[in-house]
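Observations on the model geometry
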Amino acid sequence: MQFLKHTIEYETPSEWFSIIPIGDIHLGNAGCDTKYLKDLIEWIANKEKTYWIGMGDYIDAINYTDPRFDPKTVLKKYLEQGDIDKIIQMQIEDLIDLLEPIKDKCLGLLRGNHEEIIRKHYHYDVVYEIIKDLDLDRNLNLYDLANIRLAFKRKVNSKAQPTHIFDIVAAHGNVGGRTYGYKANRISDLKKYFIADIYLLAHSHIKLAQISNLLYFDRRGNQKKKKIIEAYTGCFLRGYRKNRTSYIEKAIFPPTDIGVVKILIQPETGDKHVSL
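These numbers come from a predicted model, not from an experiment. (Residues numbered from 1 in each chain as written. Predicted model: local features only at pLDDT ≥ 70, side-chain atom pairs only at ≥ 80, totals over all residues. Heavy atoms only, no water.)

A few words now on the sheet that holds strand β3 (residues 50–54). Taking strand neighbours across the sheet as the criterion, the six strands line up as β5-β4-β3-β2-β11-β12 in an open arrangement whose pairing is mixed. Of all strands in the sheet, those with a lone pairing partner are β5 (141–143) and β12 (271–275), marking the two edges. Across this sheet, the average inter-strand angle for adjacent strands is 20°, counted without regard to direction. Here five bridges tie strand β2 (residues 17–22) to β3, and the two strands are oriented parallel to one another. Paired with Pro21 across the bridge in β3 is Ile53. On the sheet, helix α5 (residues 126–133) packs against β4 (106–110) and β5 and is oriented at approximately 155° with respect to β4. (Pairing = 2+ DSSP bridges. Helix = DSSP H or I, 4+ residues; strand = E, 2+ residues; numbered from the N terminus. Axes fitted to C-alpha atoms, helices over the stretch in contact; angles between N-to-C directions. Contact = heavy atoms within 4.5 Å.)

Here the focus is the packing of aromatic side chains. Per the stated rule, a full pass over the model turns up five aromatic pairs. Members of the aromatic cluster, connected to one another through ring pairs, are Phe17, Phe152 and Phe166. A cation over a ring is seen here: Lys262 above Trp43, with NZ or CZ 4.2 Å from the ring centre. (Phe/Tyr/Trp six-rings, centres within 6.5 Å; stacked < 30°, edge-to-face > 60°. Lys NZ or Arg CZ within 6 Å of the ring centre and 35° of its normal.)

Below, the discussion takes up the sheet that holds strand β10 (residues 223–233). In space, the six strands of this open sheet follow the order β1-β6-β7-β8-β10-β9, with mixed pairing throughout. Because the sheet does not close on itself, it has two edges, and the strands there are β1 (2–10) and β9 (207–217). With strand direction ignored, the average angle separating the axes of adjacent strands in the sheet is 20°. Relative to strand β8 (residues 198–201), strand β7 (residues 164–171) runs parallel, the two being bridged by four bridges. Among the inter-strand pairings, Ile168 is bridged to a residue of β8, identified as Ile198. Lying over the sheet, helix α6 (residues 180–193) contacts β8, β9 and β10, oriented at roughly 130° with respect to β10.

Before going further, it helps to spend a moment on the packing of helix α3 (residues 87–99) against α5. Viewed as axis vectors pointing N to C, α3 and α5 meet at an angle of 40°, and their least axial separation amounts to 10 Å. In terms of axis orientation, α3 runs oblique to α5. Here α3 runs over α5; the crossing is right-handed. Together, Ile88, Ile92, Leu95 and Ile96 of α3 and Val126, Glu129, Ile130 and Asp133 of α5 make up the contact between the two elements. Here the contact of α3 with α5 is built from residues that sort into six nonpolar, no polar and two charged. (Parallel < 35°, antiparallel > 145°, perpendicular 65-115°, else oblique. Left-handed = near helix turned anticlockwise from the far one by under 90°. Nonpolar A, V, L, I, M, F, W, Y, C, P; charged D, E, K, R; others polar.)

Another aspect to go through is the environment of Ala61. Inspection of the secondary structure assignment puts Ala61 in the loop between β3 and α2 (76–80). Measuring from C-alpha to C-alpha, the distance between Ala61 and Pro255 comes to 21 Å, with 194 residues separating the pair along the chain. Setting aside its immediate chain neighbours within four residues, Ala61 contacts Arg68, Ile88, Gln91, His114 and Ile118.

Encoded structure:
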């Protein structure tokens, strides 16, 4: 498990910060909604106080020797370039071009199962290459599971230590199952293992968010409430398309939820919100 701390300064008590988990892009698959992704990246690039977390499965990353390979699901440009043995590298190059405008707002990159298969069976670390090509700090490689700590402090006193801490436990995960109830229970299980403010999982290609409130008493005996956010972070892969096929269609999986969840944090009050 990785631990990564980011210190973020803010000026006024009324400021809100946005955290956008981006995962399950599957760039290179013919069903990848690149227009939606480009619009989101432009929004993040132009919006202040906005950061993002990579949730894994950035590229489709299926080599032609992989039993899962199906030329009907590959974006035509990769087949037409006549260099199918470099399909992983070509997908990484295209991803880098897309992410370049928001690289400085990245809080870390998790590894998805598609990247893990390439690392394990083809001895090529996709996430390492993405971080290297974007010229990011190597500590942003979060591997499989991470606690990302956001430590906020007011600019009023530059020497002061951060006083508002938010912990995010995030993983690509491997949660399958066809029902929302099963997925909701699985992400709630994380609260049994890790103490955090926000729990994020990907992989399921759905957007699902739930909020719980925990009551406690502080050291002075005052009753307090802590809001906990749990969310599955959506995707950019369309499973059902007219006159097209996909592994989602073949298995008759539920339709995917295109897009992301958006998390808002107000450091001064500790308030948090999530929207789909």
